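What follows is the residue order along each chain.
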Amino acid sequence: MTIEPQLSVVVAIKGAKDNLPRILEALRAPRCEVLVCVAGEMDKIASAPEMIVMTASADALVPHLWRDGIRAARAPRVALTTAECVPSDDWIERMARSDVTQWAGVGGVIANDPAASAANWAVFFLRYSAFAPPLEGGPAREIAADNAVYDRAAILACDDLLAEGFWEPSFHRRFREAGRMLLLDPAIVVTHHGRMMPYAFARQRMAHGHEYGEERGSRGSRLRALALLACSPVVPLLILLRIVHRVHSQPAYRRHLLRATPWLLWFALAWSAGEATGYAYALAKTKARRG
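About the cut-offs
- Residues numbered from 1 in each chain as written.
- Predicted model: local features only at pLDDT ≥ 70, side-chain atom pairs only at ≥ 80, totals over all residues.
- Heavy atoms only, no water.
- Helix = DSSP H or I, 4+ residues; strand = E, 2+ residues; numbered from the N terminus.
- Rg over C-alpha atoms; globule rule 2.2 N^0.38 Å.
- Buried < 20%, exposed > 50% of the residue type's maximum accessible area, 1.4 Å probe, protein only.
- Areas by Shrake-Rupley, 256 points an atom, 1.4 Å probe, with all protein chains shown as cover.
- Core = buried A, V, L, I, M, F, W, Y, C linked by side-chain atoms within 4.5 Å.
- Contact = heavy atoms within 4.5 Å.

Visitor: Please clarify how the overall build of the chain should be interpreted in this entry.
Guide: When you go through the chain residue by residue, the secondary structure sums to 11 helices and nine strands. Against the compact-globule benchmark of 19 Å for 291 residues, the chain has a radius of gyration of 19 Å, which places it among compact chains. When its C-alpha atoms are laid out on the principal axes, the chain stretches across 60 × 50 × 40 Å. By the burial criterion, 53% of the 291 residues in the chain qualify as buried. In the form shown here, the chain has an accessible surface area of approximately 13800 Å², with 58% of it arising from carbon and sulfur atoms.

So, in structure tokens, the structure goes:
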């Protein structure tokens, strides 16, 4: 008799493969299946009956890997993370207990490896400063999908979005429109152990920025999309100011900010360039439809 899992965990791997043994050790639990979704080829890893290894093209992004894992998952709740995030010892237990009946998704906090390089501190500040501890728990507009568990049915109900990948801001907006809220639980903790090369991360930021700009530019009027495109050159400054504001209130992170700033600027410029091309692409699509 096959026992159905209660929790599916999708681990997206696009770099940072060295972290995988520690991650898999933390994910061993009864009635839990682990779906390891890899961009490109991967060396053989120690596996278990409850583990499924899935591969995608080398240029697949993390949201595409999450999408593949979500679709293949069998449990009613699906937890997402990446190979750069090492879970705490009680992570799997907390994910299994999180209430995804009342909440569409429950997310935790993301700490950083104190020994991280300047470039990887920049990656952390750019991606996770909004979710860095200490934080107060409660209802939230956004959670980090890299450390979150979702009601799988709520995700599958947005199949039009899922076809493009699990880009969490779009799903969170759709959840809110449907009256479903998100919860931040600071007791759910992963630690970011970045292993991504700066050039690869800049390319990833550009691709994510393009997706964000295209999705945002496709909503509303053509005039709104033109205004967003015109304002895109100031985006790097806004990103840096937002990060500085967050880090200033957290003394433990301040000393890392100065040496990370050159990398932050490069990554912010990459995002801004991608966002601008996304707006331009959305405008071109609108013009083609009207033509």
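Visitor: Mind showing me how you'd approach the nonpolar core here?
Guide: In summary, soluble globular proteins display a tendency toward joint burial of nonpolar side chains. Membership of the largest hydrophobic core comes to 55 residues, with the highest contact counts inside it found for Val9, Trp91 and Phe125. Counting residues per element, this core draws most heavily on helix H11 (residues 251-290), at eight residues. Setting aside its immediate chain neighbours within four residues, valine 9 contacts Leu27, Cys32, Glu33, Val34, Leu35, Ala79, Trp91 and Ile92. Residues Ala60, Leu80, Ala140 and Cys158 belong to the second largest nonpolar core, which totals 29 residues.

Visitor: What should I look at first to understand unusual backbone geometry in this one?
Guide: Only a minority of non-glycine residues have a phi that is not negative, and only a minority of peptide bonds are not trans. Note the cis peptide between proline 133 and proline 134, where omega equals 5°. With respect to the helices and strands, proline 134 occurs in the loop between helix H4 (118-128) and strand S7 (138-140). Despite not being glycine, arginine 31 shows a phi value in the positive range, around 55°. Looking at the element boundaries, arginine 31 is found in the loop between helix H1 (20-26) and strand S2 (32-39).

Visitor: Help me understand the environment of tyrosine 281 in this model?
Guide: Within the element layout of this structure, tyrosine 281 appears in helix H11. Overall, the relative accessible area of 42% leaves tyrosine 281 in the partly exposed class. Setting aside residues no more than four positions away along its own chain, tyrosine 281 makes contact with His210 and Glu214.

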